[in-house]
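Structural overview
Chain by chain, the residues:
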Amino acid sequence: MTVSKDVSLKSFNTFGIDAKAKLYCNITSVEVLNEVLQEQQSNPLFILGGGSNMLLTKDIDALVLHINLMGIEVVSETEQTVIVKAMAGENWHQFVLWCLQHNFGGIENLSLIPGNIGTAPIQNIGAYGVELKDVFYSCEAINVNDKSLRTFTKEDCNFDYRESVFKQELKGEYIITSVNLQLTKNNHKLNTGYGAIKTELEASNIKTPTIQDISKAVIAIRQTKLPDPKEIGNSGSFFKNPIISVEQFNKLQENFPEVPSYKISDKEVKVPAGWLIETAGFKGKRFKDYGVHQKQALVLVNYGNASGKEIFELAQLIQKTVKRLFNITIETEVNII
Ligand SMILES: Cc1cc2nc3c(=O)[nH]c(=O)nc-3n(C[C@H](O)[C@H](O)[C@H](O)COP(=O)(O)OP(=O)(O)OC[C@H]3O[C@@H](n4cnc5c(N)ncnc54)[C@H](O)[C@@H]3O)c2cc1C
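Residues numbered from 1 in each chain as written. Predicted model: local features only at pLDDT ≥ 70, side-chain atom pairs only at ≥ 80, totals over all residues. Heavy atoms only, no water.

Tallying secondary structure elements over the protein gives seven helices and 20 strands in all. The C-alpha atoms of the protein give a radius of gyration of 21 Å, which matches the 20 Å a tight globule of 337 residues would have. In terms of its C-alpha atoms, the protein occupies a principal-axis envelope of roughly 60 × 50 × 35 Å. Counting only residues that meet the buried cut, the protein has 49% of its 337 residues in that class. (Helix = DSSP H or I, 4+ residues; strand = E, 2+ residues; numbered from the N terminus. Rg over C-alpha atoms; globule rule 2.2 N^0.38 Å. Buried < 20%, exposed > 50% of the residue type's maximum accessible area, 1.4 Å probe, protein only.)

Bringing the UniProt feature "active site" (unreviewed entry) in the protein into the picture now. Within the UniProt annotation, "active site" (unreviewed entry) is assigned to Arg162, Ser237 and Glu333. Spatially, the listed residues are clustered: although they cover 172 residues, their C-alpha atoms lie within 11.2 Å of one another. Take Ser237: it is sitting in the loop between β13 (233–234) and β14 (243–245). Not counting residues within four places of it along the chain, the set of residues in contact with Ser237 comprises Leu298, Val299, Glu333 and Val334. One can find Glu333 in the loop between α7 (308–326) and β20 (335–336). Classification of Glu333 by relative accessible area gives buried; the value is 10%. Those residues in contact with Glu333 that sit more than four places away from it in its chain are Asn53, Gln123, Arg162, Lys167, Ser237, Phe238, Phe239 and Lys240. (UniProt positions renumbered as here; feature names shortened; annotations may be inferred. Contact = heavy atoms within 4.5 Å.)

Next up on the list: the UniProt feature "domain: FAD-binding PCMH-type" (unreviewed entry) in the protein. As annotated by UniProt and renumbered to match this structure, "domain: FAD-binding PCMH-type" (unreviewed entry) occupies residues 17–186. Annotated as 12% helix and 37% strand, the span residues 17–186 places its first and last C-alpha atoms 43 Å apart.

By the element assignment, His93 lies in helix α2 (residues 92–101). Beyond its immediate chain neighbours, meaning those up to four positions away, His93 contacts Ser111, Leu112, Ile113 and Ile219.

In a regular helix each residue adds 1.5 Å, so 15 residues correspond to 21 Å; helix α4 (residues 211–225) covers 21 Å between its end C-alpha atoms and thus fits that length. Along α4, the residues that are buried comprise Ile211, Asp213, Ile214, Ser215, Ala217, Val218, Ile219, Ile221 and Arg222. Of the surrounding secondary structure, the elements contacted by the buried residues of α4 are α2, β8 (126–127) and α3 (197–203). (Expected span 1.5 Å × (residues − 1).)

Another point: the domain arrangement of the protein. By the assigned domains, the protein splits into domain 1 (3–67), domain 2 (72–225) and domain 3 (233–336). Look at where the C-alpha atoms of domain 1 and domain 3 centre, and you get two points 30 Å apart. Across the contact, 11 residues belong to domain 1 and 19 residues belong to domain 3. Overall, the association of domain 1 and domain 3 removes approximately 1000 Å² of surface from exposure, summing both partners, and the carbon and sulfur fraction of that is 52%. Sorting the residues of domain 1 by area buried against domain 3 places Phe15, Asn53 and Leu55 first, and these three jointly supply 58% of that buried surface. There are zero salt bridges connecting domain 1 and domain 3. Linking domain 1 to domain 3 there are six residue pairs in polar contact (both at pLDDT 80 or more). A class-by-class count of the residues in the side of domain 1 that touches domain 3 yields five nonpolar, five polar and one charged. (Domains from an automatic or database assignment. Buried area = accessible area lost by both parts, 1.4 Å probe. Salt bridge = Lys/Arg side-chain N within 4 Å of Asp/Glu carboxyl O. Polar contact = N/O pair within 3.5 Å; in protein donor to acceptor, adjacent residues only side chain to side chain. Nonpolar A, V, L, I, M, F, W, Y, C, P; charged D, E, K, R; others polar.)

Shown next, in the form of structure tokens:
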């Protein structure tokens, strides 16, 4: 076990922010993790996965535990389904590809989402009509205070839109070490109705798609829509899509008849945050070395050497402007550190 001092986190976060960790340890086994937790009890902890859902606004005055636990295995199976266990440090997209190679279905719509599998339950990752909760079976996590190991079932996790118990009541209390997903082996439930998937499949003349076809379609769509963090620093959607009451939506529609919406229930409507930000005039705006992406108003970007503080101030300006213009509060999806 090696604990290093003053380590730059620039290459460990997709925004490419040059913040430093006061102390840093690469966690490659559960034994090392337990050892660190025993030996470093006096230091506050900060858990780092793939660094694709955080904006570092300052140096981390803590021991950064970089979770790189690896391994994938089938733990049980029936004729129709399989439970696959993946260690927390496995890259999410590589895991999706592994499942597709084995013809295990259920997460093909979540192709190309950055980050690690151990972090996927934290915000219940979702895209193109599928959320992690749809396939989640359980996860194992270590309590940072008493070091006990606990298994969380789907019910324990309180999953919601980009939410879970790990972002709420138990925030900072558990380190997820592995995740079990229940996937299909045959009769896959295909989700082609969302977004541009249908159009993409039609363009390739695919009439009866496989899970592999859906994954390829999702990858193609995402590559045209979202900036690659390797080319331009970003953390994907910076804000969540706000959910408002039907009454509030009706008032909004009086002033902005073209406002798009998705019905959530008879009482609630989801409004795309990207539309609000674009209508507020921020799409494509650049300030010094940071700004709002040219094609995607929901994505804030670091053009090179921006600080996390600058990007956070831009996020706050966007929130205030959206509130003033539309009377809607938009919350950040990205963790502000
Ligand atoms: C280009 C791009 C596109 C994206 N598209 C999507 C999308 O379509 N849908 C979507 O849902 N998300 C999307 N995201 C967001 C991101 O990929 C996910 O939230 C992902 O799950 C984050 O994983 P990570 O390992 O990088 O987390 P990190 O950024 O490393 O960590 C996020 C939070 O989880 C905590 N944490 C990390 N690992 C653990 C652990 N093992 N145990 C406990 N706590 C931990 C951290 O302390 C932090 O608070 C996108 C991001 C980018 C850059």
